[in-house]
Amino acid sequence: MKITIVYDNCTTKPSLKTDWGFSCLIETEGGAPILFDTGADGAILLHNMEELGINPGDIGTIVISHAHGDHAGGLQDILEVNKDAEIYVPDSLGAGIRGRRVTTVRQPVQISENVFSTGELNGVEQSLALKTDKGIVVVVGCSHPGVGAILDAASEFGEVYGIVGGFHGFSDFDRLRGLSLICTCHCTQYKSELGQLFPEQYIACGAGLELEL
Ligand SMILES: [Zn+2]
Ligand SMILES: [Zn+2]
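Residues numbered from 1 in each chain as written. Chains lettered and ligands numbered in written order. Predicted model: local features only at pLDDT ≥ 70, side-chain atom pairs only at ≥ 80, totals over all residues. Heavy atoms only, no water.

**Description of the coordination of the zinc ion (ligand 1)**
Only Asp70 (OD), His71 (NE2), Cys142 (SG) and His186 (NE2) from the protein coordinate the zinc ion (ligand 1), and they sit 2.1 to 2.2 Å from it. One way to put it: the four donor atoms around the zinc ion (ligand 1) meet at angles of 87 to 151°, and that makes the site irregular. In terms of primary sequence, the donors binding the zinc ion (ligand 1) are separated according to D-H-x70-C-x43-H. The exposure class assigned to His71 is buried, which follows from its relative accessible area of 0%. (Donors = N, O, S within 2.8 Å, 3.2 Å for Na, K, Ca; no water. Tetrahedral: all angles 85-135°; square planar, octahedral: opposite > 155°, others 65-115°. Buried < 20%, exposed > 50% of the residue type's maximum accessible area, 1.4 Å probe, protein only.)

**Considering the pattern of salt bridges**
By the definition in use, this model includes five salt bridges. In this structure, the salt-bridge partner of Arg101 is Glu86, at a minimum N-O distance of 3.6 Å. Taken as a pair, Arg101 in the loop between β5 (86-90) and β6 (102-105) and Glu86 in strand β5 lie far apart in primary sequence, 15 residues in all. According to the relative accessible area criterion, Arg101 is exposed, its value standing at 62%. Between Arg177 and Asp174 there is a salt bridge whose closest N-O contact spans 3.0 Å. (Salt bridge = Lys/Arg side-chain N within 4 Å of Asp/Glu carboxyl O. Helix = DSSP H or I, 4+ residues; strand = E, 2+ residues; numbered from the N terminus.)

**Topic: the environment of Met1**
Positionally, Met1 belongs in the segment before β1 (2-7). Judged by relative accessible area, Met1 falls into the buried class, the value being 17%. The spatial distance from the C-alpha of Met1 to the C-alpha of Gly162 is 13 Å, given a sequence separation of 161 residues. Apart from residues lying up to four places away in sequence, Met1 is in contact with Ile26, Glu27, Thr28, Asn114, Leu130, Lys131, Thr132, Leu211, Glu212 and Leu213. (Contact = heavy atoms within 4.5 Å.)

Bear in mind that shape data such as this cannot, by itself, settle questions of function.
Here it is as structure tokens:
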């Protein structure tokens, strides 16, 4: 399994654009790639995809974590170049998408062989639990329900190995003890503190980062 950060406030490659928002591509064995969130701006999303050699038409599933513009803003542009992807949105996203079949998520749900949604937590946001050989890797958008609540929900699918995405103002650092991978992206306020507390586990996020799991 592989996660590629497509859209982030930071970048690892000068050819990629940075912007406030988040998107990543999840590639699993045997299934079509899954796009998790779409950043704020479709043009930036598509630019970064092209630079990373990602064909938007190959994406089989699009998952939106929550209704905020920095995660759902690029959705319309990607749907114009990909007419077939299955779409999973949290119930709180509201209205459907014309002409497309959309799965509205409330409860935990299986999305593909090793990919699960935690369900919409606190009525605001869903996260993904990826089953890897190392354990569960949790992919989060902004963590509005709280990192602790998300980790609890994800642990229903197995022992959590790591977490990737935006942590927002999360500061209950002890909650991360025992994890082997902490990759903080996007809106995470306490990146430097987390890097100091968990030097072995911490990976700095940025567009272009690839995590092989
Ligand atoms: Zn955000
Ligand atoms: Zn948000």
